[in-house]
Amino acid sequence: MEEKDFELLIMLDKTKNITHAAEKLYISQSSLSKRIATIEKELGVQLLVRTRTGILFTPSGEEVLKTAETVTEQLQRMREKNCLVKAHPDRPFKGGDFVKLRNL
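Every chain begins its residue count from 1, and numbering advances along the sequence as written. Only residues with pLDDT of at least 70 are given local features in this predicted model, and only at 80 or more are side-chain atom pairs given and counted; all residues enter the totals for whole chains, interfaces and linings. In computing side-chain properties, one takes all heavy atoms of the structure into account and sets aside hydrogens as well as water.

**Here's the deal with the overall build of the chain**
Basically, it comes down to this: Helix numbers and strand numbers start at the N terminus; a helix is a DSSP run of H or I with at least 4 residues, a strand a run of E with at least 2. Partly exposed residues are those whose accessible area sits between 20% and 50% of the maximum for their type, while under 20% is buried and over 50% is exposed, using a 1.4 Å probe and protein chains only. All accessible areas in this document rest on Shrake-Rupley with a 1.4 Å probe, and a residue is counted as covered only by the protein chains that are shown.
Helix and strand counts for the chain come out as 5 helices and 2 strands. Starting at the N terminus and ending at the C terminus, the chain contains elements arranged as α-α-α-β-β-α-α. For the chain, buried positions account for 30% of its 104 residues. Carbon and sulfur atoms make up 54% of the accessible area of the chain, which amounts to about 7,300 Å² in all.

**Structural notes on the environment of E62**
Relative to the helices and strands, E62 resides in helix α4 (residues 59-87). It is 9.8 Å that separates the C-alpha atoms of E62 and L9, two residues lying 53 residues apart in sequence.

**Comments concerning the pairing of strand β2 (residues 54-57)**
Put simply, the test is: A pair of strands is treated as paired once DSSP finds two or more bridges between them.
Note that strand β1 (residues 48-51) and β2 share 4 bridges and pair antiparallel. Bridging across to β2, L48 finds its partner in F57. Adjacent in sequence and paired antiparallel, β1 and β2 are bridged by 2 residues.

**Remarks on the pattern of salt bridges**
Quick reminder of the rule: Throughout this description, the term salt bridge denotes a Lys or Arg side-chain nitrogen within 4 Å of a carboxyl oxygen of Asp or Glu.
In total, this model carries 5 salt bridges according to the counting rule given. With its nearest N and O atoms 2.5 Å apart, the salt bridge here joins R35 to D5. Remark: D5 occurs in helix α1 (residues 3-15) and R35 occurs in helix α3 (residues 29-43); sequence separation between them is 30 residues. Residues E63 and K66 are paired through a salt bridge, measuring 3.6 Å at the closest nitrogen-oxygen approach. Of this pair, E63 and K66 both sit in helix α4, separated by 3 residues, roughly a single helical turn. Given a relative accessible area of 47%, K66 falls into the partly exposed group.

**Some thoughts on α3**
Applied cut-off: In this analysis, the expected span of each helix is defined as 1.5 Å times one less than the number of residues it contains. Picture the helix axis, draw a direction to every C-beta atom, and the arc is the one those directions span.
Spanning 15 residues, α3 covers 21 Å between terminal C-alpha atoms, matching the ideal 21 Å at 1.5 Å per step. Buried within α3 are the following residues: L32, S33, I36, I39 and E40. Taken around the axis of α3, the buried residues stretch over an arc of 125 degrees, which confines them to a single face. What points out from α3, more than 90 degrees from its buried face, is the exposed set K34 and K41.

Purely geometric stuff here, so don't read any function into it on its own.
Dropping the structure here:
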């Protein structure tokens, strides 16, 4: 899986609809469906169930979604940390510095 796949899954969870998620991600519904199928094949599990009213995550899909959310949050923290370190390369940082950065 790639980082953009985490965003895709998170958007699917927010919209509960493949067409709406595709619109928000600026890709076609067909491309999104194909990417979902590729992820499912790669992981060896079904992530979604399509219904007349939208999509539902399977239990395996819920676990993958939770992991995607966690990884996305960790990547964001890492980027914030690296941004702060690059801005002040000679300064040692403590954990609280990153909380201060988020509150700016």
